[in-house]
Every structure is written in C-alpha cells, then in structure tokens.
Amino acid sequence: MTDKQAPVKDQLSQPFFDAAADGKLSVQRCDGCGALRWPPLPSCPECRGRETTWIEVTPVGTIWSFVVYHRAFQKSLRDQIPYTVAMVQLDEGPYLVGRLEQGERKPAVGDRVTAEFLDLDGVPTVRWRLA
Ligand SMILES: [Zn+2]
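For clarity, every value in this text was computed on a predicted model and none was experimentally measured.

**Q** Please give an account of the pairing of strand 1 (residues 25-30) that cites residues and values.
**A** The buried fraction of strand 1 amounts to 5 of the 6 residues, a majority that puts the element mostly inside the structure. Judged from the 6 bridges that link them, strand 1 and strand 3 (residues 52-57) form a sheet pairing that is antiparallel. The residue of strand 3 that forms the bridge with Q28 is W54. Bridge analysis of strand 1 against strand 2 (residues 36-37) gives 2 bridges, and the strand direction is antiparallel. From the neighbouring strand, Q28 faces strand 2, where its bridge partner is R37. Between the antiparallel neighbours strand 1 and strand 2 lie 5 residues, among them G34 with a positive phi of about 85°.

**Q** Tell me about the coordination of the zinc ion, and name the residues and values.
**A** Put simply, the ideal angle at a metal is 109.5 degrees for four donors in tetrahedral geometry and 90 or 180 degrees for six donors in octahedral geometry. Coordination of the zinc ion by the protein involves C30 (SG), C33 (SG), C44 (SG) and C47 (SG), with metal-donor separations of 2.3 to 2.4 Å. Mapped onto the sequence, the donors of the zinc ion take the spacing C-x2-C-x10-C-x2-C. Taken together, the positions of C33 in the loop between strand 1 and strand 2 and C47 in the loop between strand 2 and strand 3 put the pair 14 residues apart, joining distant regions of the chain.

**Q** Residues and numbers for the packing of aromatic side chains, please.
**A** As enumerated under the stated definition, the model contains 5 aromatic pairs in all. For the pair F16 and W38, a centre-to-centre distance of 5.7 Å together with 50° between the ring planes defines the contact as tilted. Of this pair, F16 sits in helix 1 (residues 14-21) while W38 is found in the loop between strand 2 and strand 3, placing the two residues 22 residues apart along the sequence. Judged by centre distance (6.1 Å) and plane angle (90°), the rings of Y69 and F73 are edge-to-face.

Quick notes on the rules
Residues numbered from 1 in each chain as written. Predicted model: local features only at pLDDT ≥ 70, side-chain atom pairs only at ≥ 80, totals over all residues. Heavy atoms only, no water. Buried < 20%, exposed > 50% of the residue type's maximum accessible area, 1.4 Å probe, protein only. Helix = DSSP H or I, 4+ residues; strand = E, 2+ residues; numbered from the N terminus. Pairing = 2+ DSSP bridges. Donors = N, O, S within 2.8 Å, 3.2 Å for Na, K, Ca; no water. Phe/Tyr/Trp six-rings, centres within 6.5 Å; stacked < 30°, edge-to-face > 60°.

As structure tokens, this is what we get:
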C-alpha cells in the first residue's frame, strides 16, 4: 500500500485531473445514450457504448452519505484524523466520493456542498465544503 494521499492519474482519468487543474469539475457523458458517469469507465454501464465526451458539470451537489474516519489507515493521515469522506450527488446526477473539508458545522445527509480545487502533491484534487 502506498502512503500517498493523492489519487492516481491514469489515461482514463486524465481529463478529470486536467479539468480539476483548471478549477473545473468534469464527468464522462456517453455519446450513445447521454448518461453521465463518474468514476471514469471505458464503456457506459447503461448502454455499453464506448464513445465518450468529457463535459464540465456544476461543482455543486448534495451529501448522499458520509463517514468520519477516526483511525488513520495511512501514516500521512495521522495528523488529519478525524476526517470526513462524503459521497456527493451532483446536481447533474452522478455521484462523486471525496474528502469533505472539516468546518465548524458537522455534516449531515442532505447538506449542500461545493467543490474546491487544490493541488495535493502535484495532483489536482477535488475537495468538498459545506455550502
Ligand atoms: Zn450510454
């Protein structure tokens, strides 16, 4: 197991990271049926179509679920516990999983969140913050 916090970029996910570096949130849209999806996949789970276009989506959504980690599973996270990971449903529909920045208010299912973009060890990264 690596101790890096940054997500792994690969050919499939590169457009997501390129957009995040520009402060934009992007997901794949199936050219066949129009379904939006995240995480990136080589084919559409709805119609199995392989043609895809990356589109920018509104970086706003609603917390569908979340978990608060009280144990660090990587050494680099020891000084960050407790931290929160949320599953966010974007207003456009897809679900994204990511860290939720801890504010003074405790999160709740149904809370509105906005994406923030930061550079983490050289990797453009999306973090969520309560709106
Ligand atoms: Zn499709």
